[in-house]
Amino acid sequence: AAAPHAEPADPREWSTGALVAAAREGDVTAFRVLVDRYYARSLRFARNMGLDAQDAEEAVQDALVRVHGALGRFAPGAAFEPWLFRILANRCRSALVRRRWWRKAAVADADELLAQLPARWGAEPDDVARGRLTACAELQRLLPEKIAT
């Protein structure tokens, strides 16, 4: 006799709970279907948290790796989606902190460069103009694109 709540043969048609249960048991296809099911929403969520496309992609991938590694500790029958998005939110926050740290480091490098500029420039107006152009080029190299523009 068939189980009263048997899932369809195609895992893409399975409920999220059935996919999580199968993934917990090591079913790679079930986890791949979960990834396919939640990837686009996760990416939108990460972008809405303030990440650029590259950082959002990295945060989503990192969250999915963490979810996969923690499936054995996931409570059977618990809601998967809030758990996934809580992990993703934490990864997004970490990415935002990391981005702020890099920005501060780039600004510190830029401040150091600016402090050195008067010593690099001569007294002649052409030397000052060349120094300013060099400084602008160096600042654009040091600072992230969003800050430099």
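Residues numbered from 1 in each chain as written. Predicted model: local features only at pLDDT ≥ 70, side-chain atom pairs only at ≥ 80, totals over all residues. Heavy atoms only, no water.

(A) The overall build of the protein chain, seen in detail. Secondary structure assignment for the protein chain yields six helices and zero strands. Starting at the N terminus and ending at the C terminus, the protein chain contains elements arranged as α-α-α-α-α-α. By the burial criterion, 31% of the 149 residues in the protein chain qualify as buried. A sequence separation of at least 24 residues applies to 54% of the contacts in the protein chain between residues at least 6 apart. When the accessible surface of the protein chain is summed, it comes to about 9900 Å², and 55% of that surface belongs to carbon and sulfur atoms. (Helix = DSSP H or I, 4+ residues; strand = E, 2+ residues; numbered from the N terminus. Buried < 20%, exposed > 50% of the residue type's maximum accessible area, 1.4 Å probe, protein only. Contact = heavy atoms within 4.5 Å. Areas by Shrake-Rupley, 256 points an atom, 1.4 Å probe, with all protein chains shown as cover.)

(B) The pattern of salt bridges, seen in detail. Here the structure, examined in full by the defined rule, presents four salt bridges. With a shortest N-O distance of 2.6 Å, Glu-81 and Arg-41 are connected by a salt bridge. Residue Glu-81 is located in helix H4 (residues 80–120), and its partner Arg-41 is located in helix H2 (residues 28–48); the two are separated by 40 residues in the primary sequence. With its nearest N and O atoms 3.3 Å apart, the salt bridge here joins Asp-62 to Arg-66. Of this pair, Asp-62 and Arg-66 both sit in helix H3 (residues 53–70), four residues apart, which is roughly one turn of the helix. Residue Asp-62 is classed as partly exposed on the basis of its relative accessible area, which comes to 25%. (Salt bridge = Lys/Arg side-chain N within 4 Å of Asp/Glu carboxyl O.)

(C) Focus on the environment of Glu-57. Along the chain, Glu-57 falls in helix H3. With relative accessibility at 30%, the residue Glu-57 sits in the partly exposed group. Setting aside residues up to four positions removed in sequence, Glu-57 forms contacts with Tyr-39 and Leu-43. Of the polar contacts made by the side chain of Glu-57, one reaches the side chain of Tyr-39; its length is 2.2 Å. (Polar contact = N/O pair within 3.5 Å; in protein donor to acceptor, adjacent residues only side chain to side chain.)

(D) Quick peek at the packing of H2 against H3. At a closest axis distance of 9 Å, the pairing of H2 and H3 adopts a crossing angle of 140°. Classified by the interaxial angle, the pair formed by H2 and H3 is oblique. In this structure, H2 meets H3 at a crossing whose hand is right-handed. Residue-level contacts link Phe-31, Val-35, Tyr-39, Ser-42, Leu-43, Ala-46 and Arg-47 of H2 to Ala-53, Ala-56, Glu-57, Val-60, Gln-61, Leu-64, Val-67 and His-68 of H3. Per-class residue counts for the contact of H2 with H3 are 10 nonpolar, three polar and two charged. (Axes fitted to C-alpha atoms, helices over the stretch in contact; angles between N-to-C directions. Parallel < 35°, antiparallel > 145°, perpendicular 65-115°, else oblique. Left-handed = near helix turned anticlockwise from the far one by under 90°. Nonpolar A, V, L, I, M, F, W, Y, C, P; charged D, E, K, R; others polar.)

(E) Molecular detail of the packing of aromatic side chains. A complete count under the given rule lists five aromatic pairs for this structure. Ring geometry for Phe-74 against Trp-83: centres 4.5 Å apart, planes inclined by 40°, an arrangement best described as tilted. Judged by its relative accessible area of 13%, Trp-83 is buried. (Phe/Tyr/Trp six-rings, centres within 6.5 Å; stacked < 30°, edge-to-face > 60°.)

(F) Just the nonpolar core, in detail. With 32 residues, the main nonpolar core has Leu-34, Leu-51, Val-67, Phe-80 and Trp-83 as its most contacted residues. Those elements giving two or more residues to this core turn out to be helix H1 (16–24), H2, H3 and H4. In this structure Val-67 touches Phe-31, Phe-80, Trp-83, Leu-84 and Ile-87, once residues within four positions along its chain are discounted. (Core = buried A, V, L, I, M, F, W, Y, C linked by side-chain atoms within 4.5 Å.)

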